[in-house]
Amino acid sequence: MTKQMNLGGSFTLPGDSTRVNRMGYGAMQLAGPGVWGPPRDPEAAVAVLREAVNVGVNHIDTSDFYGPHVTNQIIRQALYPYPENLVIVTKVGARRGADKSWLPAISRQELISAVHDNLRNLGLDALDIVNLRLMGDGHGPTEGSLAEPLTILAELKQQGLIRHLGLSNITPTQLAEAQTITEIVCLQNLYNVVHREDDAFLDDLARQGIAYVPFFPLGGFSPLQSSALDAVAASLQATPMQVALAWLLQRSPNILLIPGTSSVAHLRENLQAARLQLPAEAVADLDAIGRSSKQ
Ligand SMILES: NC(=O)c1ccc[n+]([C@@H]2O[C@H](COP(=O)([O-])OP(=O)(O)OC[C@H]3O[C@@H](n4cnc5c(N)ncnc54)[C@H](OP(=O)(O)O)[C@@H]3O)[C@@H](O)[C@H]2O)c1
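So, how was this worked out
Residues numbered from 1 in each chain as written. Predicted model: local features only at pLDDT ≥ 70, side-chain atom pairs only at ≥ 80, totals over all residues. Heavy atoms only, no water. Axes fitted to C-alpha atoms, helices over the stretch in contact; angles between N-to-C directions. Helix = DSSP H or I, 4+ residues; strand = E, 2+ residues; numbered from the N terminus. Parallel < 35°, antiparallel > 145°, perpendicular 65-115°, else oblique. Left-handed = near helix turned anticlockwise from the far one by under 90°. Contact = heavy atoms within 4.5 Å. Phe/Tyr/Trp six-rings, centres within 6.5 Å; stacked < 30°, edge-to-face > 60°. Buried < 20%, exposed > 50% of the residue type's maximum accessible area, 1.4 Å probe, protein only. Lys NZ or Arg CZ within 6 Å of the ring centre and 35° of its normal. Pairing = 2+ DSSP bridges. Arc of directions from axis to C-beta. Polar contact = N/O pair within 3.5 Å; in protein donor to acceptor, adjacent residues only side chain to side chain.

### A look at the packing of helix α3 (residues 108-122) against helix α4 (residues 147-158)
- It is at 10 Å that the axes of α3 and α4 come closest, and there the two elements cross at 40 degrees. The orientation of α3 with respect to α4, classified from their angle, is oblique. Remark: the crossing between α3 and α4 carries right-handed chirality. Across from Arg108, Leu111, Ile112 and Val115 in α3, the residues of α4 making contact are Pro149, Ile152, Leu153, Glu155 and Leu156.

Written out as structure tokens, the structure is:
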């Protein structure tokens, strides 16, 4: 029985009527340690996905290089046949080395294979949204033309294998170049209450109606730690993770959240953040964390 929750309202992506709840789910944590191999507890991984969809999450972020292949296979196992309104967003542009490293993979053949791998492992005829993930310097972007790889993905979109394109780990200059090639509906960069390098970029994307989907919304592999975050959380009888997510939801209406977790308890806790209203003084205290981390 479905228990639909308030998931922060919804956002309509540019280009058509694709609409998602602002609180989504990021599936990277479902693979094994180091995003490699099978999960420690496969049943728990399936349970997290089913609980998310059961309460109304209709935006799941993934990639075939998580595992590799493992995360997509778990999504298929847990959710196929997919609910009609579910939007699965995947990314291409990287591959995993045998030593578990993350390597660029943006040649024509690598991109075509990656799209077909995603289609096969997710059990789909077309991918809802594919983000071109540039490796940059790891978690931050570096300048350079993306025309070649993006043109290949635009061809795959024209062939009907991809419905929409997005970008990940890129700069405003790269977005402008991309928009001369194809429509971009969403962007995934590192951003959270501590890491706010994209503040101006995010505001520009809001003006353009493009979704901004922060990765590492909770700090990623080392979850956020801040005494200011703890103090606000205590004052609101919430957890620091809920406050970090609520701050993002209040930061801008084009922010869509994909917090990652391998635990049903954490998933429930995170989704409850959509009900948290941060008073102005709390927002001011949280804004100061980002300012002090820039000094
Ligand atoms: N485009 C990109 O380059 C890129 C890069 C990284 C990630 N992503 C996407 O973004 C999503 C989110 O990023 P992420 O999962 O790496 O990082 P995250 O959402 O910032 O944080 C995940 C970490 O926080 C822990 N956590 C989650 N909820 C918690 C809670 N309520 N209390 C305490 N700890 C909690 C998780 O551990 P537990 O499993 O124990 O809950 C995990 O260690 C990913 O799943 C992936 O889909 C994209």
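### Overview of the packing of aromatic side chains
- Applying the stated criterion to the full structure yields 8 aromatic pairs.
- Ring centres 5.6 Å apart and planes at 90 degrees place the aromatic pair phenylalanine 65 and tyrosine 66 in the edge-to-face group. For the pair phenylalanine 65 and tyrosine 66, a shared accessibility class is recorded, and that class is buried.
- Between phenylalanine 65 and tryptophan 102, the ring centres sit 5.9 Å apart and the planes meet at 90 degrees, which makes this aromatic pair edge-to-face. Here tryptophan 102 lies in strand β7 (residues 102-104) and phenylalanine 65 lies in the loop between β4 (59-61) and α2 (70-79), a separation of 37 residues in the sequence.
- We classify phenylalanine 65 as buried; its relative accessible area is 8%.
- Judged by relative accessible area, tryptophan 102 falls into the partly exposed class, the value being 33%.
- Just above the ring of tyrosine 80 sits the side chain of arginine 76; from NZ or CZ to the centre is 5.3 Å.
- The positively charged end of arginine 96 is found above the aromatic ring belonging to tryptophan 102, 3.7 Å away from the centroid.

### Regarding the sheet that holds strand β3 (residues 25-26)
- Pairing is parallel across the open sheet formed by 7 strands, whose spatial order is β3-β4-β5-β8-β9-β10-β11. Only two strands of the sheet have a single neighbouring strand rather than two, namely β3 and β11 (211-212).
- Sheet topology places strand β9 (residues 162-168) next to strand β10 (residues 184-188); 4 bridges connect them, and they run parallel. Bridging from a neighbouring strand, leucine 167 pairs with leucine 187 of β10.
- In the packing of α4 onto the sheet, the strands contacted are β5 (87-92), β8 (127-133), β9 and β10, and the crossing angle to β9 comes to about 160 degrees.

### Quick look at helix α9 (residues 264-271)
- Residues of α9 that are buried: Leu267, Asn270 and Leu271. Projected down its long axis, α9 shows its buried positions confined to an angular sector of 95 degrees, all on one face.
- The inward-facing, buried residues of α9 abut β3, α1 (42-54) and α8 (240-251).
- A distance of 3.3 Å separates the backbone nitrogen of alanine 265 from a side-chain oxygen at the start of α9, and that oxygen is part of serine 263.

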